[in-house]
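In case you want the letters, here they are:
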Amino acid sequence: MLRFCRSPAAVAVALAPLMLGAAVAQSQTAYPDRPVKIIVPIGPGGSYDLVGRHLADVLSKRTGQAFFVENKPGAGTVVGTQAAAQSEPDGYTLMVGGLSNMAFNSALYSKLGYDPLRDFIPVAVIYRFGYVMVGRKDMPQLRLQDIVAAAKADPGTITVATAGVGTGQQLVAAAFMKAAGVKLLEVPYKGSPPAFTDLLAGRIDLFFDSIAAGLPYVQSGQVRGIAVLSSKRSPLAPDVPTMSEAGVPGLDVDSWLGIFAPARTPPAVIAALRRDIRASLPDLKERFEKSGGEIWDLPDKRLDAFVASEHQNWTKLIREAGIKLD
């Protein structure tokens, strides 16, 4: 067949499509051929770390290649996220991303060393968990509607704990105040544990935290579960109504986590990752549910629009609330 090609250049031209196809096929089947690092932009413990470690475990077993977590905390989630953005876009450095580093930080910091939409490709969004509003057990207002009415009648007298400036707990509280049209008196704490200490002691009226963190206190009767901030009741707290059911419609807040790759990571690598992650979800279901969350298999075609929408909505809310970290 090659006798029709009368020069080495012509031969090269004729073979180019075949060579390209072989290279693409090889890249799809060879990845990964060495260990893959998953950057977790917080310290050990917490939901980011949980997702990273569980996913690394199941991907290692599925692919036969090592996936491992590197915790890279600092400035909230900024240091680790910036390091991931600057990594080689070859599929061998990935990152756990969620509301904090993909949505909150753009508004919380006036100068950020990365752009969550420009510098990353969303590979998969696989985990979500809800928040619950809890109140001190001897609070005179028994229902959410009563709390809203009291807050409107005397703004700033009902207190709400936050786990620090720019945390999910503070921003969920801000979302509630906006949706309900009320003003609560914010009392900042350094994390959830001291906030719960004062809530249990009756020194604080309200607190917003993840269902996993708040539910044990509700089940033990130490605090009152007022409402969950999701579109449906949590199977872990079926007696606690949603915000819409309790009288504040439209406040559906789910926190989520997924895997992101640096921009310009080859499409074949992204496709291989998506295939392996999706195939691993059944192995993650029980692990995620034990942590108070659930599997979320967001379709690939919706990923870009979803992350962009979350970034836009939370940036708008944070700026309107005037919350800054620098």
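**Student:** For this particular structure, what's the right way to read the pairing of strand β3 (residues 93-98)?
**Tutor:** Walk down a regular strand and you will see the side chains alternate between the two sheet faces. With six of its six residues buried, β3 lies for the most part within the structure. Examined bridge by bridge, strand β1 (residues 36-40) and β3 share three bridges and lie parallel to one another. By the bridge assignment, Lys 37 is partnered in β3 with Thr 93. As judged from the four bridges shared by β3 and strand β9 (residues 254-262), these two strands associate in the antiparallel manner. Each bridged residue has a counterpart across the sheet, and for Gly 97 the counterpart in β9 is Gly 258.

**Student:** Where do I start with the side chain of Thr 265 in this structure?
**Tutor:** Looking at the element boundaries, Thr 265 is found in the loop between β9 and α10 (267-290). Using a relative accessible area of 5% as the deciding quantity, one classes Thr 265 as buried. There is a polar contact of 2.6 Å between the side chain of Thr 265 and the backbone oxygen of Pro 262. Not counting the four nearest positions on each side in its chain, Thr 265 is found in contact with Pro 89, Asp 90, Gly 91, Ile 121 and Ile 270.

**Student:** Help me understand helix α8 (residues 211-219) in this model?
**Tutor:** Residue pairs three or four apart in sequence face the same way in an α-helix, which turns once every 3.6 residues. Buried within α8 we find Ile 211, Gly 214 and Leu 215. Buried residues in α8, looked at end-on, bunch into an arc of 110°, giving them a common side. The secondary structure elements touched by the buried residues of α8 are β4 (120-136), α7 (192-200), β7 (206-210) and β8 (223-228).

**Student:** Would you explain the packing of helix α4 (residues 99-108) against helix α11 (residues 303-321) in this entry?
**Tutor:** In helix packing, the relevant descriptors are the interaxial angle and the interaxial distance, both defined with respect to the helix axes. Direction vectors running N to C along α4 and α11 enclose 40°, while the axes themselves pass 8 Å from each other. In terms of their interaxial angle, α4 and α11 are classed as oblique. The handedness of the crossing between α4 and α11 comes out as right-handed. Contacts between α4 and α11 pair Leu 99, Met 102, Ala 103, Phe 104, Ser 106, Ala 107 and Leu 108 from the former with Glu 310, His 311, Trp 314, Thr 315, Ile 318 and Arg 319 from the latter. Looking at side-chain class alone, the contact of α4 with α11 contains eight nonpolar, three polar and two charged residues.

**Student:** When you look at the packing of aromatic side chains in this model, what are you seeing that I'm missing?
**Tutor:** Here a ring pair, both rings aromatic, is described through the centre-centre distance and the interplanar angle of the planes. If you walk through the whole model with that rule in mind, you get 12 aromatic pairs. Their ring planes at 70° and their centres at 4.7 Å tell us that Tyr 127 and Phe 288 sit as a pair that is edge-to-face. Here Tyr 127, found in strand β4, pairs with Phe 288, found in helix α10; they are 161 residues apart in sequence, far enough to count as distant. Exposure remark for Tyr 127: the relative accessible area of 3% places this residue in the buried category. Between Phe 196 and Tyr 217, the aromatic rings sit 4.2 Å apart at their centres with planes inclined by 20°, giving stacked as the arrangement.

**Student:** It is not clear to me how unusual backbone geometry should be interpreted in this structure. Could you clarify?
**Tutor:** Glycine aside, residues mostly have negative phi, and peptide bonds are mostly found in the trans state. The omega torsion across Tyr 31 and Pro 32 is -5°, close enough to zero to call that bond cis. With respect to the element layout, Pro 32 can be found in the loop between α1 (8-30) and β1. A positive phi angle, close to 50°, is found at Ala 75, a residue other than glycine. Along the chain, Ala 75 falls in the loop between β2 (67-71) and α3 (78-85).

**Student:** Any chance you could explain the environment of Leu 281 here in plain terms?
**Tutor:** Topologically, Leu 281 is positioned in helix α10. Leu 281 sits in the buried class, given a relative accessible area of 7%. Sequence-wise, Leu 281 and Trp 296 are 15 residues apart; in three dimensions their C-alpha atoms are separated by 8.7 Å. Filtering out sequence-adjacent residues up to four positions away, Leu 281 remains in contact with Ile 126, Ile 295 and Asp 297.

Parameters and conventions
Residues numbered from 1 in each chain as written. Predicted model: local features only at pLDDT ≥ 70, side-chain atom pairs only at ≥ 80, totals over all residues. Heavy atoms only, no water. Buried < 20%, exposed > 50% of the residue type's maximum accessible area, 1.4 Å probe, protein only. Helix = DSSP H or I, 4+ residues; strand = E, 2+ residues; numbered from the N terminus. Pairing = 2+ DSSP bridges. Polar contact = N/O pair within 3.5 Å; in protein donor to acceptor, adjacent residues only side chain to side chain. Contact = heavy atoms within 4.5 Å. Arc of directions from axis to C-beta. Axes fitted to C-alpha atoms, helices over the stretch in contact; angles between N-to-C directions. Parallel < 35°, antiparallel > 145°, perpendicular 65-115°, else oblique. Left-handed = near helix turned anticlockwise from the far one by under 90°. Nonpolar A, V, L, I, M, F, W, Y, C, P; charged D, E, K, R; others polar. Phe/Tyr/Trp six-rings, centres within 6.5 Å; stacked < 30°, edge-to-face > 60°.

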